[in-house]
Every structure is written in C-alpha cells, then in structure tokens.
Amino acid sequence: MVKSTSKEAHALFHSLRSAYAATPTNLKIIDLYVVFSVFTALIQVVYMAIVGSFPFNSFLSGVLSCIGTAVLAVCLRIQVNKENKEFKDLPPERAFADFVLCNLVLHLVIMNFLG
Amino acid sequence: MSKLLIFLTLIPLLPILTTSFSPENPSSRRVLVLLDDLALKSSHSVFFNSLQSRGFDLDFKLADDPKIGLHRYGQYLYDALILFCPTTERFGGSIDLAAILDFVDSGHDLIIAADSNASDLIREIATESGVDFDEDPAALVIDHISYAVSNTEGDHTLIASDEYIKSDVILGSKKIEAPVLFQGIGHSLNPSNSLVLKVLSASPSAYSSNPKSKLSNPPSLTGSAISLVSIVQARNNARILISGSLSMFSNRFFRSEVQKAGSPTKHEKSGNEQFLTELSKWVFHERGHLKAMNVRHHKAGEADEPTIYRVNDDLEYSVEIYEWSGTSWEPYVADDVQVQFYMMSPYVLKNLSTDKKGSYFTAFKVPDVYGVFQFKVEYRRLGYTSLSLSKQIPVRPFKHNEYERFIPAAYPYYGAAFSMMTGFFIFTAVHLYSK
Amino acid sequence: MAASETSNGTALRYAFGNVLSFFILLLIGVLAFSIRLFSVIKYESVIHEFDPYFNYRVTQYLTKNGIYDFWNWFDDRTWYPLGRVIGGTVYPGLTLTAGTLYWILNSLNIPLSVETVCVFTAPIFSAFASWATYLLTKEVKGAGAGLTAAVLLAMVPSYISRSVAGSYDNEAVAIFALIFTFFLYIKTLNTGSLFYATLNAIAYFYMVCSWGGYTFIINLIPMHVLLCIVTGRYSSRLYIAYAPLVVLGTLLASLVPVVGFNAVLTSEHFGSFLVFIIIHVVALVYYIKGILSPKMFKVAVTLVLSIGLVVCCAVIAVLVALVASSPTKGWSGRSLSLLDPTYASKYIPIIASVSEHQPPTWPSYFMDINVLAFLVPAGIIACFSPLSDASSFVVLYIVTSVYFSGVMVRLMLVLAPAACIMSGIALSASFDVFTRSIKFQLPGVKGNSQVDAGDTSSEGVVAQNEVAKTDKNEEALKERPSKKNRKKEKEHVEKPFVKAQIKKRLLVLPFEASIIAILLLILLGAFYVVHSVWAAAEAYSAPSIVLTSYSHDGLHVFDDFREAYSWLSHNTEVDDKVASWWDYGYQTTAMANRTVIVDNNTWNNTHIATVGTAMSSPEKAAWEIFDSLDVKYVLVVFGGLVGYPSDDINKFLWMVRIGGGVFPHIKEPDYLRDGQYRIDSQATPTMLNCLMYKLSYYRFVETDGKAFDRVRRTEIGKKHFKLTHFEEVFTTHHWMVRIYKLKPQKNRIRGKAKKSRSKASSTTSTKRSETQRKNPWH
C-alpha cells in the first residue's frame, strides 16, 4: 500500500514536472515572481510571530503587498496564458497594462498604509 | 470634625463673591445696627467701639423705626447688619424676614444676638440660617457644673465656657485664656448641615430648660449638642454670627471677672471681649477671606495659553491666591492647595507648591485620555472662604501625523514592501523583454 | 461585437438605440432628481431629521478647515465630557463627497452655500444610483431590463425615503456606491479584466467610506463566489474578480479610520478571507487538472485529499478556537442583531430602541417597494433562464437582502435596489414575451413599434432588441459569456440556435392575451408611479424638524424645534451644557451650537444610561447627576399639547430600560402599573415623581385646566406640583420643546425647626414632642 502510494506519488511528481516543463518561459518568470512574493510574505508572518504584532499596520501592509503582488501576478498569468481559451480576445498588452495599473494602485495604498 | 471641612459650594458662585465684599473701599463699610432699645448702644459700647475703631461705619436704629430700609433704588445701603433686638416681633420700614434673607443671599454679613424670650422673627431668621433655638421661649442654658462663680448663688444660668472651636482663622491666633461668659438661650445645629459651625459649645453637663419651672420632662437640648455661639458661612461666602445671648456682648460681661466653677484660677477679665472681637473680625471678612486670580496654564516651555492640549503633553499650571488682612491683600501661604485635572473623576491630583508670594504652581503630564478636562482647584478649609476654580480645556488625541514613524521593529515590513516594489519593476522589465 | 456581424441597417438601429437609451437615462436621472424635490417645494430647503444635522455640521467643518483638520477633528461639544474624535468615528464618504461638490462649484464660481450643497447631494446621487442600476442590470440581462430597472429605482419609495432633498445621510451616497460596486464586480466577472477589478476595489473603498453597510458587500460577494465554486461554475474570471478585490479592498478599507484594523480583525470580514483561501485552493486544483492527464489527476486528488484533509481540520479548529475565544464571537452588536433578530432586544436596548432597527411590518413592505414585491418572484424566474454568473449573483442579492430587510426596517433600503433590478428584469422579460407574441402574429408590422410602449420608453428598446433576428439573440448571448469556459459555450451556442427558434414559437401567446397582459402591466406600472409620487410628495418629504398638520381650520405649522434651538443659541452661554435624550443631540450641537451630553452617535452606552437614569430619577437625584456632568439646561420634547406622538414621554420606557441596564436601581416594573405604561391617575408613584414626568407636565394643567394629554389620550395623573431643583426657562409656542435650567444649590441650609409657626397654613410639622407640649403660640 505504502509502496504503491509512494510510487504513485513519484509518478505524479514526474508527470507534474514534465507538464510544467512545457510551460512557456514568460509564464515561468511569472511563477518565479509569484513564488518570490509568497516567500517574502511567509518570512514576514514568521517574523511577526516572533516579534509580535505591534506596528500592525506595517505588518499588514507588508504582508498584503506581497499577497497582492502574488495575486495580481497570478491574474496576469491567467490572462496571458495562451492555453486559456477564455481570454483569447484579450490582447496580452492590454492584460499587462491592466496589471501595471492594478499594481500602481496597490503600491500607492501600501505606501499610504505603511507608516 | 470632618464635617467642618465640607463646604459644598458651587462653581459659579465665585462672581457673586466679589459683590459681597468690595476690596476697593473696605475702610468705609456701613453696618446697620438694629436695637430693641437705644440704651444698648451705651451698655454694649465696648463692642461697638471696637468695630468703629476698625473702620466700620455703624448706623444705630431702633428695630421698629418706620424709616429703616436695607436697600434703596436696587442698591444695598449697608454691607452688614447687626440684629441686637431679640424681642422685636416685626421690623419697621421695609425690612422683614425675606428682606434680611435676600440681604444675606446677596452676600452680606449678619450678626444675630438672641436671648431668652427671643421673638418669632429672630428665631425664624436663625432657622433659615440653619440654627434651631430651643423652642421653649423661657428656656435658658443651665449648667450646674461649669457655671461661672458669682457672688450670688444663682440658678447657674450664667455659664463660663471655654469650649471654643479650634481654628486660628476664626478666633485669631492668640489663645483665649479666660472662659467666655454666656447667659441666654441655647440652640442646636443640624449635623448634616455643612455650612454652619459651632464656635462656642456648652459643656457636657449643660442642658436647656426653664430655670423657673421644675424639670418635669427630660430637656430637649443637652450636653455639648447645645451650641451657644454659631457661625454660618453661606455658599456665596456671606457670613452670619448667631449667638444665644445678647448680654455676652455687653460691657458688663466684657469687664467682669470670671471664675469657672471648680476651677481654682480666677481671671481678671472674661474672654468675651477677645472672643467676640476676633469673631466679628471673621464675620466681617477681616480674616479668612481668600481670593484666587490669574489662573494660567500652558505647555512646558511655552508662554501662551493653548486652546487645546494633546494627550501626554507636559503642562504648567499656576494660580495666585491672596488673603484679605483687613487692609490689604496679603499672599496666602499654605502647602495644601491642590489642583485636579478632572474629567468626571480627577485624573491628576497635584499639590501646588508656593513661592510664598501668593503664587502657586505645578507641572504635570496630561494623562493618556482625551476628553474635555477641567483644571479644578477646590480649596475648602475651616473658616476660610471656599475657593472653587474651574477652567475647561479639551484634550485631543494624537493627530494622524503625530504617531511614531519608522519603528525599528517594522523595518522588515518596510523592506518587504519595497522589495515588492523593486520586484515589480524588475519583473516588468523582464516580462516585457522576454516577449 | 454583435453589431459588426449584422447588417448595416441593424447597426444603424443599434446606434439609434444607444442614443435613445442615453436620452432615456438622462431623463431617468432628471426624474430621480426631481421626484425628490417635493420636500424643498412643500417645506423649504432645509436639512432633515437628526443624523443629517450632524453630517451637515461635519461638512461645514470640512469646508471651513480642510481635510486634515477634519481628519483630526476632536469635537469637544458632544459627549461632554468625553468628547468625540469625529475623524476617527465617522464614515467620511458623504462628507467628503459633499465637500468636493462644494469645492468644485465654488471653484467654478458658483457660490452655493454648504447647506444647499448638502440638501441636494442626496437627489444627485440617487440619479447616479439609477444609472448604476442600469449598468448593473444591463450586465445581467441586457439594456432593456437595465432601463426598466433604472426607472423603477429612480422612484422606489424605500429609496426616496432616505434620499429626498435635505435628507443628507450616509445612505444617500451609499446606495449608489453599493450598486456601483456590484456593477463593477459583475463587469469584472463578465470580462475578466484586471482594470475593472481595480475599479471595483476603488468603488468598494468608496462604499466603505460611506456606510457601515459595506459589510453586506464583503459578505455577499464571497457568498456568490462560494456558490459559483460549489455549483461547479469556477472560472479564472471569477478568480480575477475576487482575489484582487479582497486584497486591495481590505487594504483600502483599513485606510478608512473608522474601519481601520477592523477590516482584518472582526468576524464580519473573516468570511471573505476564508473564501479567498478556498478560491486559491480551487484555482490550484483547476490548474493542476489542466496540465495533468486525468489518470494522474486522480492520483493527485487522492494524495492531496488525504494530507489536505488533516491540515484543513487543524486550520479550521484553530480558527474556530480563535473566534470563540472572544466574548461576542468577534461580531459587533449590530451585526449580531442582524443574524439573530432577537439579539438586540435581549442584550442591547440601545439598538432595539431605535425605531428603524425594528423588524418591519407587512404594510411597510407594500409602502416601500409597492408592486415590486409581486414582480420580484417573476424576476427570479427570469434570472434562472438562463442562469449565468451575473444572474445568480442578483438572485443571491435579492434573497439575502429580503432576509435582512425582514430583520431591520432600515435595511429595506438594501432590498430596494435588488427588488428594482428583479422587477426590471421581470417587466422587461414579460414585455419581451408579449411584444414578440404580438409581432409573430402581425407579420406585417415592423419592429420599430415603440408606440405600444405605454408608460416608459424602455420597452421601446426591449422591442428593438426583439426585432433583431434570432441569430442576433444568439450573439447577444455570446456577448455575455456565461459560467462555462469557451469550449462548452460553443456547443451550447450551437444547440439552442435551433432550440430557441422552436421554443420561441412555442412560447407565443394568443394575440388578445398579449395585448391585455401588456395593458395590465402598464396599469401596474402606472399604479407604481402614482404610489411613488404620492410617497415622495406626502409620506417621505416631511423634514421632521418642521411639522405640519391639517385640521378643519386649515394648515398648522409647528416650528417649535427651531424656535427652541435658536432660543438656546441666543440666550445661553457658549460653553453651557444641554442635556436631553440622545435623539436631539445632533440637532442641538448643529443648530444651537451648544455642548450636549449624549447624541445620536450612540457609542457610549454608559453615558446614555446616565442620562436615562437622570430622566427616570426623582428630581433631587436627577439634579445631582446632571450637576456632576456640569449640565446647565435640560431639554425635553413634549407632544401632549398638540398630539405629537414621538415625544420623550413615549420614549421614556427606553430611557428606563437603558438606564436600568447599567444602573440596576432603576427598575422597569416600578414605572409600569400591572405591566401597562400609563401616566394617568393609575400611574405608579415612581412614574409620577420621575424627572421626565415632571419636566413634561410641569404647568401643563394651566393650558386647559384639565391637563388632558392628546398623545396618550388621558388626563395626567399628577397635575399640580412644583419644581424645587429645576426652573422652567423656555417653552416653545406649542409646548413641544421645554427647556429647564438647573437651579443653583441653595445659598443657606435651613434648620430643622418648623417653617413658620405664625402662619396658620403651615404644612410642615416637626415631630419633636416638646413642641406640642410647650409651644405657647398654639
């Protein structure tokens, strides 16, 4: 049972990796970006757990800026993904412009909230 | 004697105080003296002379003189009133009970001397002031223990009492050595009345009864509950002296020698003169009258008075307090003046330190609570006029830009936020480039 | 777009339709604005009621001192002596909006007073709100439904009640924000564009600024997202519509001082976070499903499920423990009273005491949404054919808002737009059906038959839509991408192409029936219009600061409130404190400019209870309470002379309840005789001796000799009495407002002895025995 499970898991990982390898480079870059921001968010949560939540607004804006960035990047990834049929008529330029706008708003708010 | 300290006074009474007592021309204070009999003028001349020598302008009138009046054209003609007319049933002229009470309520002083067989009117004035004379008109205070030794063995109605109130401000700093002679009616005070004070009380062995009749029922007033001389300080700081004996003001009592029964010492002169002179000084505001002025507060290091403070501000508070000495305002020196920073309850209670020149000051930090605060000075001491100052000042919370910024503990968050921003720029570049 | 594929003529017709609908919208805006002007015409341009006065005062401060001072405004004239941090406790949306309007107008050299701007803010925003309704309904069911819904919203009585000129309250702006936020959410959901998602977050921010009702949005949208996920309608558009909204929306909401950290710390918002996590999990699952083969995916599911289940349980346990550890389970009182309708009456009398927090009665439904109540079910049915993301959202919206409106009258306001949208859809769909039936049976008649449209021209557009060929209908369907992904939709489109044709033929109704039905619908619409205009003109335009009454000898105007407030402002010191029940707090600060103890912002229950206790205490105790609060004047509202029912005596039981909630020596049964609240001779002594009774009925017997109270319809219990610690200083013309001053403490304290033995009428007596024994004057 255990053996079969681990075998299956192995096969799963293998197929995941191979499937992911087929992803275009620009999507991979986005993925990297997402992972980076989620990682930063996690670091902050750990830091908060150690130090305490005193400047709560700073913590909130720090973490939310990371999560926000990640979420927006995921949205962008969904929109520029060529395999996604839903957004065929949405040009990637438009998607990117929206993404930039959204990010600008996000960071403006973050700056406001940080201090 | 804790009740003596409680002088409940309202804050807005302060302006009224100034009308009661004009420091501008204190030397010519006019006093109306109402007498039953003009003979009193000579028989009590020592007392009157001492008043006149202190600058009072005495106007002697018979109590039923039809021309007397306390005010004319809305102005009071007199600053004080002395009622040496215990048997008068009604006053002449425009004076009646209500007029006298109005006189007091507008801040003027009053001395009442009653006697046995005191009239209804006098009793009512006393009652309105918070003093209840013995209801038996013929009653006198009798004391078979501490009576004054006299040549004739009488009915022990002439009492020698030395149970004074212990207050330098009321009776002067000089100790009254000889007992005070008293012959007259006793009265009682309502213990819940915080405005009235017993200045001279009877000894525990005294009682109030008609000396001529046999004592059938237990007397209504006994022991030290009997007050012989009382004073009232109304909430507007008008002062009233009520004595159960008119004769204690007389020259005869002033000069008579006194020996208390059971006491070996015989005094050359009774304490009456000193006692009543000092007491009249108090009643006529020559002592114990305080005024506060120049209340100032400002932030530490600034001179101007702000309209609003912020929580945790450091501030300085100062006030000047003076006492009337009879001729001029002298700095009042005490170490127990306190200021409260008050909002429903005192948040800060500080003793004020004084420079002995009348100025009191302190510094404190505004508490970490916002709201509408008051600087309150509630100074109530036995015998002194009550000082009640309050000054309203709002305290606001921090403004949005007054909070601490750039807290070290938050640096990782700042770092994260900025790294996200730079990450965004790098990503933008890479994303555009890779396309 | 559809037009590009169709013929030139159709394109022209579309362009014409667009221009037409633009003008219709303009007219709707004018209608929405002008129907709300009855109050100005019938009364005057004046701010209404209670809360608007506070908003007006805040706006004045804002325009005078600028935004930063407003932000940091510490108001020392209310809640004496606590004060109130206005900037941190007020929803600034309305004030900032009106302030901006004022500023724009003034920089355009149009000198309007702040008051005028405030009075007209609500009508202006109701025009905006009807446009937003058009947009939202258009996203859901097309332009025809949109226009119908917009017309309905422009004059729905429920909304009029809160947005007549002068009703300068948060809701006036908030309803627009609410609808607009929903529109942008649906728009994002339909297009999947980040641009609209950003706009959505900003609209949400505006809503948070404007009204505490924003929690409705932040719970409704997650509910919808969850519904979509559960029903298998997840799409990446859903993700784009929701995830950025939560992050940006939460951040923006935290920027509003009154919300602050509540945006992440209170339970009202937890739902959205939970759904945020769920949608990520779902998104990940869909993504993995997309890149894996079905077999491998199955393996992954079993693997992840076994691990994930454990983790999930742990997380949920921790969350539940966290929430349960807080006493109110993290919910604020008002929200709790929403979920559990009996909560407020059990625990928080102060919430229950407000009439608009009571559950509504059935007539109030009919009064406030009128015929819409009957059209809503039809609209719901129309939404299910076919069910899209957008229409499911609208259905969810109406269902939740019906529930909430059943809990609180006030939330009828949230129901109104939903009802309008639904009715708009229903009306539009039924006109659609009927006109089509007529058209099919009159082959000769061309489509531009706007003539048959009776009350509004909206069906004209509906009809226009209908004239388009069936394939265009298909296009229209495609234009609004439904829940499934593209591929499925393609198939979906092919099949109904044939099906719809048949179906439409089947749906054709008899000609006469259609005509009659249309006539009936028009009649219904006309009835609605008549009712709405009546409601706007009669029911909801009274400013409640000026009252009128008709009697046999003509119109009476009662302007007592302003009389009293101006007396206060002219005859009292600037720093004097005025105590009254909290209803009149805002007006006193705004109109009389005097410090009050409590006001309509009921944030401090203890303070209100103190005033309630004072009002229910005997005179002396009340004097002491008021004196400790530095109160100089006490203001009571009394309607007994003119029959004004919402006076203090009628509110008195709430004062007793609220006071007794904090100070247990005030007991409600002491004021009730056999459970009945009465002020006649049967009333309890506690009632007859309490301050409120005395201040209300002092000298009342002098008016008619009998002291007949016209509100309670009875003679009062105690007619002749004197006040010892209060003195009457002002009573308005109709006795509606009575102002008393606290007497200062007595200068002297009397002795105990009998008052006056010489007076035979003396009533006081001493119980001292020897008085009887030896008193010679008797």
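Residues numbered from 1 in each chain as written. Chains lettered and ligands numbered in written order. Predicted model: local features only at pLDDT ≥ 70, side-chain atom pairs only at ≥ 80, totals over all residues. Heavy atoms only, no water.

By the naming in an unreviewed UniProt entry, chain B is Dolichyl-diphosphooligosaccharide--protein glycosyltransferase 48 kDa subunit, taken from Castanea mollissima. Per UniProt, chain B carries the Pathway (unreviewed entry) text "Protein modification; protein glycosylation." Among the UniProt annotations of chain B, the heading Sequence similarities (unreviewed entry) holds the following wording: "Belongs to the DDOST 48 kDa subunit family." (UniProt positions renumbered as here; feature names shortened; annotations may be inferred.)

A. Up close: the overall build of chain B. What chain B contains, in helices and strands, is 9 helices and 25 strands. Against the globule reference of 22 Å for 435 residues, chain B gives a C-alpha radius of gyration of 31 Å, more extended than a compact globule. Summarising its shape, the C-alpha atoms of chain B cover approximately 130 × 50 × 40 Å along the three principal directions. Taking all 435 residues of chain B together, 57% fall into the buried category. Sequence-distant contacts in chain B: of pairs separated by 6 or more residues, those separated by 24 or more amount to 71%. (Helix = DSSP H or I, 4+ residues; strand = E, 2+ residues; numbered from the N terminus. Rg over C-alpha atoms; globule rule 2.2 N^0.38 Å. Buried < 20%, exposed > 50% of the residue type's maximum accessible area, 1.4 Å probe, protein only. Contact = heavy atoms within 4.5 Å.)

B. Broad picture of the overall build of chain A. Summing up its helical and strand segments, chain A has 4 helices and 0 strands in all. Its helices and strands in sequence order give chain A the pattern α-α-α-α, from N to C terminus. In terms of its C-alpha atoms, chain A occupies a principal-axis envelope of roughly 50 × 45 × 20 Å. The burial tally for chain A puts 50% of its 115 residues in the buried class. For chain A, the exposed area adds up to about 6000 Å²; of that, 72% sits on carbon and sulfur atoms. (Areas by Shrake-Rupley, 256 points an atom, 1.4 Å probe, with all protein chains shown as cover.)

C. Highlighting the confidence of the model for chain B. All names here are of chain B. Here chain B averages 83 in pLDDT, while 93% of its residues score no lower than 70. In the model of chain B, helix α1 (residues 14-20) stands out as the element of lowest mean pLDDT, 41, in contrast to strand β15 (residues 239-243), which has the highest, 91. Across residues 1-25 the pLDDT falls below 50, and counting only partners more than four positions away or on other chains, this stretch makes 46 contacts in the model. Predicted complex metrics record ipTM = 0.91 and pTM = 0.81. (pLDDT = per-residue confidence, 0-100.)

D. A look at the interface of chain A and chain B. Across the contact, 31 residues belong to chain A and 22 residues belong to chain B. Counting each side, the surface lost to burial between chain A and chain B is near 2300 Å², with a carbon and sulfur contribution of 82%. Scanning the region where chain A abuts chain B turns up 0 salt bridges. Linking chain A with chain B are 1 residue pair in polar contact (both at pLDDT 80 or more). Every element with two or more residues in the side of chain A that touches chain B is listed here: α2 (25-51), α3 (56-80) and α4 (92-114) of chain A. (Buried area = accessible area lost by both parts, 1.4 Å probe. Salt bridge = Lys/Arg side-chain N within 4 Å of Asp/Glu carboxyl O. Polar contact = N/O pair within 3.5 Å; in protein donor to acceptor, adjacent residues only side chain to side chain.)

E. Seen up close, the pattern of salt bridges. Tallied over the entire structure, the rule returns 38 salt bridges over all chains. Asp313(B) serves as the salt-bridge partner of Arg310(B), at 4.0 Å between the closest nitrogen and oxygen. For Arg233(C), the salt bridge goes to Asp389(C), with nearest N and O atoms at 3.0 Å. Taken as a pair, Arg233(C) in the loop between α12 (214-230) and α13 (236-255) and Asp389(C) in helix α22 (residues 389-407) lie far apart in primary sequence, 156 residues in all. Accessibility classification places Arg233(C) together with Asp389(C) in one group, the buried group. Residues joined by salt bridges that share partners form a network here, namely Arg699(C), Glu702(C), Glu728(C) and Arg738(C).

F. Region of interest: α13(C). Residue and element names in this part refer to chain C. Here α13 contains 20 residues, and its C-alpha end-to-end distance of 29 Å stays within 8% of the 28 Å for a straight helix at 1.5 Å per residue. Along its length, α13 reaches its greatest deviation from straightness, about 25°, at Leu-245. α13 sits mainly inside the fold: 19 of its 20 residues count as buried. (Expected span 1.5 Å × (residues − 1). Bend = angle between axes of the 7 residues up to and from the residue.)

G. Up close: the interface of chain B and chain C. Of the residues lining the interface, 40 residues belong to chain B; the matching set on chain C comes to 36 residues. Summed over the shared surface of chain B and chain C, the result is 0 salt bridges. The interface formed by chain B and chain C holds 7 residue pairs in polar contact (both at pLDDT 80 or more) in total. Of all the elements in the fold, those that place two or more residues in the side of chain B that touches chain C are α4 (97-105), α5 (120-129), β7 (131-133), β24 (371-379) and β25 (387-396) of chain B.

H. Spatial organisation of the packing of α2(A) against helix α9 (residues 411-434) of chain B. It is at 10 Å that the axes of α2(A) and α9(B) come closest, and there the two elements cross at 180°. In this view, α2(A) runs roughly antiparallel relative to α9(B), as classed from their interaxial angle. The residues of α9(B) that touch α2(A), namely those facing Asn26(A), Ile29(A), Ile30(A), Tyr33(A), Phe36(A), Ser37(A), Thr40(A), Gln44(A), Tyr47(A) and Met48(A), are Pro412(B), Tyr413(B), Ala416(B), Ser419(B), Met420(B), Gly423(B), Phe424(B), Phe427(B), Val430(B), His431(B) and Ser434(B). For the contact of α2(A) with α9(B), the class distribution of residues is 13 nonpolar, 8 polar and no charged. (Axes fitted to C-alpha atoms, helices over the stretch in contact; angles between N-to-C directions. Parallel < 35°, antiparallel > 145°, perpendicular 65-115°, else oblique. Nonpolar A, V, L, I, M, F, W, Y, C, P; charged D, E, K, R; others polar.)

I. Geometry of the packing of aromatic side chains. A full pass over the atoms with the stated rule returns 68 aromatic pairs over all chains. A centroid spacing of 5.7 Å and a plane angle of 40° characterise the contact between Phe48(B) and Phe84(B), whose relative ring orientation is tilted. Linking Phe48(B) in helix α3 (residues 45-53) with Phe84(B) in strand β5 (residues 80-84), this pair joins segments that are 36 residues apart in sequence. Ring geometry for Tyr697(C) and Phe700(C): centres 5.7 Å apart, planes at 50°, overall tilted. For the pair Tyr697(C) and Phe700(C), one class covers both residues: buried. Put simply, the rings of Phe638(C), Tyr693(C), Tyr697(C), Tyr698(C), Phe700(C), Phe721(C), Trp735(C) and Tyr740(C) pair up and form one aromatic cluster. Directly above the ring of Trp282(B) sits Arg239(B), whose terminal nitrogen or CZ lies 4.1 Å from the centroid. Above the plane of the ring of Tyr342(B) lies Lys376(B), whose end atom (NZ or CZ) is 3.9 Å from the centre. (Phe/Tyr/Trp six-rings, centres within 6.5 Å; stacked < 30°, edge-to-face > 60°. Lys NZ or Arg CZ within 6 Å of the ring centre and 35° of its normal.)

J. Region of the structure containing the packing of helix α10 (residues 170-191) of chain C against α12(C). Residues and elements named next belong to chain C. Contact pair α10 / α12: the axes reach a minimum separation of 11 Å and the direction vectors enclose 25°. The angle between α10 and α12 places the two elements in the roughly parallel class. Where α10 crosses over α12, the handedness of that crossing is right-handed. When α10 is examined against α12, the residues Leu-178, Thr-181, Phe-182, Tyr-185 and Leu-189 are found in contact with a partner set consisting of Phe-216, Ile-217, Leu-220, Ile-221, His-224 and Val-225. (Left-handed = near helix turned anticlockwise from the far one by under 90°.)

K. Molecular detail of the sheet that holds strand β20 (residues 338-343) of chain B. Residue and element names in this part refer to chain B. With mixed pairing, the 5 strands of this open sheet are ordered in space as β17-β25-β24-β20-β21. The strands lining the two open edges of the sheet, one partner per strand, are β17 (309-310) and β21 (345-351). Two elements, β24 and β25, share 9 bridges in a ladder whose sense is antiparallel. The partner of Gly-371 across the bridge, within β25, is Val-395. (Pairing = 2+ DSSP bridges.)

L. Structural detail: the pairing of β15(B). Residue and element names in this part refer to chain B. In terms of burial, β15 is a largely internal element, 5 of the 5 residues being buried. Of the two faces of β15, the one holding Arg-239, Leu-241 and Ser-243 and the one holding Ile-240 and Ile-242 are both buried throughout. Two strands pair when backbone bridges link them, and strand β6 (residues 109-113) and β15 are joined in this way by 4 bridges, in the parallel orientation. Paired with Ile-112 across the strands is Ile-242, a residue of β15. Looking at chain direction, strand β14 (residues 227-233) and β15 are connected through 5 bridges and run antiparallel. By the bridge assignment, Gln-233 is partnered in β15 with Arg-239. Linking two consecutive strands that pair antiparallel, namely β14 and β15, is a turn of 5 residues; a positive phi of about 70° is found at Asn-237 within it.

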